[in-house]
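Residues per chain, in single letters:
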Amino acid sequence: MTTFMVPFHSSRFPDCCNVCPMGILPLGVLVRSHRGCASGSGVCLHYTARNCKHRRDHPDWYEFSAYSSSHPSRASTVALILFNFAVTSGPTDGWASAAVLVPLIISIMMVIGFFYWETRIHVDKAAIPPRTWFYPNFSILFAVALLPFFWLFTVFLIFTTLWQNVFEWSAISSAVHMLSIGVAAFIMSFTGSLSRIFSPKWIILTGLSFCMVATVLMALGGGKPEDYWPYIFPAFSLGSAGIMLTYTHTNIAIFQAAPSSMAGTVGAIFNGALLFGSAIGLAVISSIETSVEANHGGSHEYKGRAAVFWFLLAVISILFISVSIFYDRSTDHTPQPEHGDPGHPARRSMDSDTKLDDANVTMIKKADLVNLPA
């Protein structure tokens, strides 16, 4: 269970403060919700009185409350909870048991239903407008965004439990041994300007290659305290540098791929991908580690943890190949697409264009009537 703070901003709710506490949320998933509220799968799950001054007096409050409680994007949150439950229950209850298959099947159907619903409603009310996936390189960059938090959280989870529960290191000692991650990542956070010189494709591939080498090192060694300096320290340094390169330049590239008018939506989807990857990824690696350790010596052996890193290597390799093939460099270093360009997926819906044209005609007619002689 995780408690975290989510930035909140909406011109429709000017009295609201800048932070919306989400309370206890089992799955941290952020996507764009109605009228600009970034929330757990499009629904503000917890909204306390002290965080919104006079919110009930605002004319849009009741409309917003009704929308939040009934919007079908709630299904995505429920689907993720069911999926995590199914994946984590598989090793203990058996993958063929009803307790695993039923929530797994329901979660998949709910996700399909959610994306189908998004295609049926007006684009301005969709949590994830379908046109978003057709921006150049957007889909592949979304896939890459699933990795950074997943990789970091996996490393933290595996080694903090290993060092404290098996090696019996103190919490302070474990934290000190993790410092190389922060130092390398901090240095690489200043590389954003490289995207003006090199294609983000090559920078992202470089970061993924660093992660691949680091993950191999952690899969091969780490089960003994003396493995820290020959295996874990270089893996932490190289891997965190690579993951920060990947995170930084995926972030830059995904905003460059979409019109500036879609920045809020794109930012929410990007952050949602980061948290979605970690939520689903941690459930999967917990299942893998538990399954392997059940047959290979238990939690005091390193085989289950090594299996997790081999799985992580496979994920990174798939992303590396996908970026190499599907990333289109022709849009690099070009102006952002215009919202409403007929040749671009960001074009407004026909209904919106018609309404704007009708409004303009009405205004012109009124102006003509004013200028008529008495």
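Residues numbered from 1 in each chain as written. Predicted model: local features only at pLDDT ≥ 70, side-chain atom pairs only at ≥ 80, totals over all residues. Heavy atoms only, no water.

1. Let's talk about empty space enclosed by the protein
Part 1: Applying the stated rule across the entire model yields 1 cavity of 30 Å³ or more.
Part 2: As a volume, the largest cavity reaches approximately 30 Å³.
Part 3: Along the walls of the largest cavity sit Trp163, Phe167, Trp169, Gly222, Lys224, Pro225, Asp227, Tyr228 and Ile232, which together make up its complete lining. (1 Å grid on protein atoms, 1.4 Å probe; cavity = no way out; pocket = protein on both sides within 12 Å on 5 of 7 lines; lining within 4 Å. Points joined across faces, edges and corners; volume = space filled by probe spheres on them.)

2. Description of the nonpolar core
Part 1: Counting 53 residues, the largest nonpolar core has Leu147, Trp151, Phe159, Trp163, Met218, Phe236 and Phe309 as the members making the most contacts within it.
Part 2: When contributions to this core are tallied by element, the ones reaching two or more residues are helix 4 (138–145), helix 5 (147–166), helix 8 (200–220), helix 9 (228–257), helix 10 (263–295) and helix 11 (303–326).
Part 3: Considering every element that reaches this core, the biggest residue donor is helix 5, with 9 residues. (Core = buried A, V, L, I, M, F, W, Y, C linked by side-chain atoms within 4.5 Å. Buried < 20%, exposed > 50% of the residue type's maximum accessible area, 1.4 Å probe, protein only. Helix = DSSP H or I, 4+ residues; strand = E, 2+ residues; numbered from the N terminus.)

3. Re the side chain of serine 199
Part 1: With respect to the helices and strands, serine 199 occurs in the loop between helix 7 (179–188) and helix 8.
Part 2: Of the residues examined, serine 199 reaches a relative accessible area of 7% and is grouped as buried.
Part 3: One polar contact links serine 199 to aspartate 332, side chain to side chain, over a distance of 2.4 Å.
Part 4: Setting aside residues up to four positions removed in sequence, serine 199 forms contacts with Tyr327, Arg329, Asp332 and His333. (Polar contact = N/O pair within 3.5 Å; in protein donor to acceptor, adjacent residues only side chain to side chain. Contact = heavy atoms within 4.5 Å.)

4. A word on the pattern of salt bridges
Close approach of charged atoms allows side chains of opposite charge to pair.
Part 1: For the coordinates displayed, the defined rule picks out 2 salt bridges.
Part 2: Measuring nitrogen to oxygen at the nearest pair gives 3.8 Å for the salt bridge that ties glutamate 289 to arginine 305. Placement of glutamate 289 in helix 10 and of arginine 305 in helix 11 is noted, with a sequence separation of 16 residues between them.
Part 3: We note a salt bridge from glutamate 293 to arginine 305, for which the minimum N-O separation is 3.8 Å. (Salt bridge = Lys/Arg side-chain N within 4 Å of Asp/Glu carboxyl O.)

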